[in-house]
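# Descriptive analysis of the structure
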Amino acid sequence: MRRHYGLFLSLLVPAFFVLGGYGVVKAQQRTSSTARGKRWSDAATWPDKKVPGKDAVVTIEKDMDVVLDVSPPPLHGLRINGKLSFADKKDLELTTEWILVRGELEIGTEGKPHTRNATITLTNNVPGEDIEAMGDRGIMMMGGTLSLHGTEKNSWTRLAKTTAAGSSTIEVLNPGDWKKGEQIVVASTDFDPHQAEERTISSISGKVITLDQKLQYMHYGEVTFSVDERGEVGMLTRNIRIQASPDADQSFSGGHVMAMVGSTMKVSGVEFFRMGQHENLARYPIHWHLVGDTQGQYIENSAIHDTYSRCVTVHGTNNVRVENNVAYNNVGHCYFLEDGVEHGNQYIGNLGMLTRCNPTRPCNSTNALNGSGAGQNSTDQLIPSDNTASTFWITNPDNTYRGNVSAGSEATGFWIALPEHPTGKFEGTEISAKTWPRRMQLKQFSGNVSHSDVDGLMFDRGTNAQGKFNLGGNSHLPYTDPSDTNSARLESVIQDFTSYKNSGAAIWARGENHVFKGLKLADSGIGYTHAYPGVAPYHGDFTSKVEDSLFVGETGNKGTPKTEAEIAYGRTMPRKDADYPIRGYEYYDFTHHVSNTKFVNFEDNATRKAGAISYLLYTSFPISTNNDVEGLKFENAKPVYFPPQQDRRWSFSGEFGRFSGWNGAVFHDIDGSVGGVPDSYIVIDNGIADDPQHCQIKPDWNAAVCKGDMGRLQIGAAGAGGFGGGGRGGPGRPVAAGGRGGPGAPAAPGAAGAPGAVGGRGGAGGRGGFGGGAPPVVLTRNGRKLSVNGDTTVLAGTEIRAESEAPSLTISLRELDSGSWVLFELPGYSSAATGTAQTSMDALRSAKDTSYYKGDGSLWVKLVSNGGGARPGRGGGTGSSIQVSR
């Protein structure tokens, strides 16, 4: 894939860009050394023997090497075909509308950083200019070199202890080279990212920093229940500053730095302020634009703050290093991989705080808490997903993300938003056709932290070519050869991820062969939910695994309670509805495993219920008996809570009008570490799945611990809504094109996502059909009733009465051992399409194969499992089914 990159890059860049870049290279090779180091202030330096004056358009020719030794009057523009460097003997400021670099602009070097203050201020007194098709108000490189190296090395640290609201001091782990008069920002450690507070250092004594103003909020600084919730403190000041003039605060159109093909950027210790141009594509604070393969280019130890569009953009560029930077109060996706073709880039130890969706209004996000999709149609943003802004926007898995922190976003912390093929400038190209982000293995995602967001890590909702997305739409499954789905499947690993104080979920993911190791998730509405992609004919070995992890319901970080309910409760809450049940791990559809994991502080109280393990509220998609747990530990934690279906306040959407997921919630307790009974099943207490002879009812769990063979029952009107009881690839009609909109509201117009879930895929979890609008079936057992229109969980050997007004019903079993059976009494039905007729109930009960018996006013059916349904170790197949009619 990569060796074709250069060829197709030339097709994407305007001819004058490419020719300009080559011209610069040749010119630099011809540069004379006879005129090096001439002073800007010396009239002899300039061809006309005049020092440039106010509003001049200055050109430094190819054979010129100029040292800026004075702060010149404001310029109209500056073309650097040769070299301009800043003298390091006094503070300097260069003010200009724009700078075009074909040669070299240098402020310090890697070996000798600049020590004095150097400021470049970009003005906009002549709006609307378009310099070489790169816009206005920028430092724009057309094959040139930008070398900016300041002295600052310590970009950010963490609090050493909690700082109370009203305090004017903080204690940090390592202030490094920070000094009096510099600007810092203390990150929010609560649900509200706006609790980040910017202050000036008044003095430093050891690790104690005195601030110019008292803090308004508490900022937590402890490792609590083994979760590191020490708030971050970022340094904003650098001795080299690139900024727009103050008028940008009204226009939201700041400066930008842009490197084109053939250019080189090496930036360290630089402050970018009032940068980025809102609603103006490709005008970002610092931006590698279609540069292709690079070597040794980077931005490190820098600060990007109070910007109007993004932070660091890597577009069509590979092997850039983004390390140890601080971003604060920025609009739109911050650390931004653009089209999905970018690879080999490294994001290491970066901090982002207060990522916002818009300069003037709140987010109109498309997420589980607000799934309307209306925000994707807003016109005051660059791309639709910016209304659900993320601190880290990741569109290609072949990049490294290690030790980064999203410390507060109005929407999303890390968003792994993989398109099927690269989009934007690469859409329709050969390189796009050969690049499959949704089939590529994660290169490295380890040691990252996300807090004070709505969603801490979103590994789902990849966009289509128009930039729109569904609430479900990322069919990620990696292969050794991404172009060949017959090649060996790989695993993608999320390692040592910490997330806390998220009002939505710490992690929401979708895909297969996903492994999460060393998670530490705390203080969030939901800890972890993972969905099967449900769209492709290619299947992984499992959906997800969570291993060696820690879930904490509530830690010592109580936040700063503000609402009446929070003050009464004594701590901040993830949601406005105080009785929302907090849960650690949610089961969803298909095959999920949890092992060697600890749950802490999930106990009921007078305000709300809680549970370490639960299910997605209130999903239509069936929960598989193949889900399992092993080696779990609980400390002050109720192991399970399956909330009963009461109202729709906590439902994502009501998903297609049925709730076969919640009414059959179940998982396999391999070693009994949850319910105390090895090789048992934990099942929702719906009166149908559990059995007094085989189950222990756990009323406060709304669940039962059951021994025996547990599987899935699907029952509903024959042919309704894509009903099917098959295994992998089983029968059923796909849902509406455009992708599954759920869980959540329907898909946004034009949203991405493959063609919807196949009805009746019973394998390893069985999505089944939807049966929307079909008459329900009322199941009765032991005097209890359950209304279903699709799936539920069933215990082998069960006898159930099933009543419906439908003219015919299809009944299916899967995920049961071969030979296991369930017997149904069907009042009003008289014939079965398959099976063996029996002459008595005794004969029916003794039958070894699927059979039926017709009695007075009822049909009795004994449905015997063929072992199908793709349970591991039991073979594949489509399960067993029978159709009955009146």
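Residues numbered from 1 in each chain as written. Predicted model: local features only at pLDDT ≥ 70, side-chain atom pairs only at ≥ 80, totals over all residues. Heavy atoms only, no water.

## Quick look at the overall build of the protein
- Along the protein, the regular secondary structure elements total six helices and 69 strands.
- Residues counted as buried form 65% of the 886 residues belonging to the protein.
- Pairs at least 24 residues apart make up 70% of the contacts formed inside the protein by residues separated by at least 6 positions.
- Total accessible area computed for the protein in this model is approximately 29,100 Å², and 49% of it derives from carbon and sulfur atoms. (Helix = DSSP H or I, 4+ residues; strand = E, 2+ residues; numbered from the N terminus. Buried < 20%, exposed > 50% of the residue type's maximum accessible area, 1.4 Å probe, protein only. Contact = heavy atoms within 4.5 Å. Areas by Shrake-Rupley, 256 points an atom, 1.4 Å probe, with all protein chains shown as cover.)

## Things to note about the state of the cysteines
- Going through the model one piece at a time under the given rule, you end up with three disulfides.
- Paired by a disulfide, Cys311 and Cys334 hold their sulfur atoms 2.1 Å apart. Looking along the S-S bond of the Cys311-Cys334 disulfide, the torsion reads about -110°, which is the left-handed sense. On the criterion of sequence distance, the pair formed by Cys311 in the loop between β26 (303-305) and β27 (312-318) and Cys334 in the loop between β29 (326-331) and β30 (335-337) is long-range, its members being 23 residues apart. (Disulfide = S-S within 2.5 Å.)

## Side note on the packing of aromatic side chains
- Scanning the entire structure with this criterion turns up 28 aromatic pairs.
- Taken together, a centroid distance of 5.4 Å and an interplanar angle of 80° make the contact between Phe414 and Phe445 edge-to-face. Residue Phe414 is located in strand β36 (residues 412-416), and its partner Phe445 is located in strand β37 (residues 444-446); the two are separated by 31 residues in the primary sequence. Neither Phe414 nor Phe445 differs from the other in exposure class; each is buried.
- Between Tyr528 and Tyr585 the ring centres are 5.0 Å apart and the planes differ by 15°, which places this aromatic pair in the stacked class. One end of the pair, Tyr528, is in strand β45 (residues 526-531); the other, Tyr585, is in strand β48 (residues 582-587), with 57 residues separating them in the sequence. Like Tyr585, Tyr528 is buried.
- Ring pairs connect the aromatic residues Phe516, Tyr528, Phe551, Tyr585, Tyr587, Phe599, Phe602, Phe634 and Phe667, which therefore count as one cluster.
- A cation over a ring is seen here: Arg310 above Phe336, with NZ or CZ 3.9 Å from the ring centre. (Phe/Tyr/Trp six-rings, centres within 6.5 Å; stacked < 30°, edge-to-face > 60°. Lys NZ or Arg CZ within 6 Å of the ring centre and 35° of its normal.)

## Focus: the environment of Glu232
- Here Glu232 shows up in strand β19 (residues 232-235).
- Taking the C-alpha atoms as reference points, Glu232 and Met353, 121 residues apart in sequence, are found 9.0 Å from one another.
- Those residues in contact with Glu232 that lie beyond four places of it in its chain are Trp156, Thr157, Arg158, Val185, Val186, Ala187, Leu351, Val405, Ala407 and His451.
- For Glu232, the side chain forms a polar contact with the side chain of His451, separated by 2.8 Å. (Polar contact = N/O pair within 3.5 Å; in protein donor to acceptor, adjacent residues only side chain to side chain.)

## Focus on the sheet that holds strand β15 (residues 197-205)
- Taken in spatial order, the six strands of this open sheet run β12-β19-β14-β15-β16-β13, and their pairing is antiparallel. Each edge of the sheet is formed by a strand with only one pairing partner; in this case those strands are β12 (156-158) and β13 (169-171). Averaged over neighbouring strand pairs, the angle between their axes works out to 35° when direction is ignored. (Pairing = 2+ DSSP bridges. Axes fitted to C-alpha atoms, helices over the stretch in contact; angles between N-to-C directions.)

## A look at the side chain of His114
- Along the chain, the position of His114 falls in the loop between β8 (104-107) and β9 (118-122).
- For His114, the residues in contact, after removing those within four places along its chain, are Phe86, Ala87, Asp88, Ile107, Gly108, His149, Gly150, Thr151, Asn239 and Ile240.

## Here we look at the sheet that holds strand β66 (residues 836-837)
- The mixed open sheet is built from seven strands, whose spatial order is β60-β59-β62-β64-β68-β67-β66. Looking along the sheet, the strands with just one partner apiece sit at the ends: β60 (784-788) and β66.

## Re the environment of Ser492
- Positionally, Ser492 belongs in strand β40 (residues 492-495).
- On the basis of relative accessibility, which here comes to 1%, the residue Ser492 falls in the buried class.
- Placed 16 residues apart in sequence, Ser492 and His476 show a C-alpha to C-alpha distance of 9.4 Å.
- Here Ser492 is in contact with Met440, Gln441, Leu442, His476, Pro478, Asn513, His514 and Val515, once residues within four sequence places are set aside.

## With respect to the side chain of Lys638
- With respect to the element layout, Lys638 can be found in the loop between β53 (633-637) and β54 (666-669).
- A distance of 3.1 Å separates a polar side-chain atom of Lys638 from the backbone oxygen of Asp700.
- Once residues within four sequence positions are removed from consideration, Lys638 is found in contact with Phe602, Glu603, Asp604, Ala610, Gly611, Ala612, Asp700 and Trp701.

## So, the environment of Tyr401
- Following the sequence through the fold, Tyr401 ends up in strand β34 (residues 400-402).
- Remark: the alpha-carbon pair of Tyr401 and Ser446, spanning 45 residues in sequence, is separated by 6.5 Å.
- Setting aside its immediate chain neighbours within four residues, Tyr401 contacts Leu337, Tyr347, Phe392, Trp393, Ile394, Gln444, Phe445, Ser446 and Asn448.

## What about the pattern of salt bridges?
- If you walk through the whole model with that rule in mind, you get 38 salt bridges.
- When the shortest N-O distance is used, the salt bridge between Asp228 and Arg230 registers 2.7 Å.
- The partly exposed category is assigned to Asp228, whose relative accessible area is 26%.
- When the shortest N-O distance is used, the salt bridge between Asp604 and Lys609 registers 3.8 Å.
- Residue Asp604 is classed as partly exposed on the basis of its relative accessible area, which comes to 27%.
- For Lys609, a relative accessible area of 41% translates into the label partly exposed. (Salt bridge = Lys/Arg side-chain N within 4 Å of Asp/Glu carboxyl O.)

## A few points about the pairing of strand β43 (residues 514-517)
- Alignment of β40 against β43, held across four bridges, turns out to be parallel. Looking at β43, one finds that Gln495 is bridged to Lys517.
- Note: β43 against strand β46 (residues 544-547), four bridges, orientation parallel. Counterpart to Lys517 in the pairing with β46 is Glu547.

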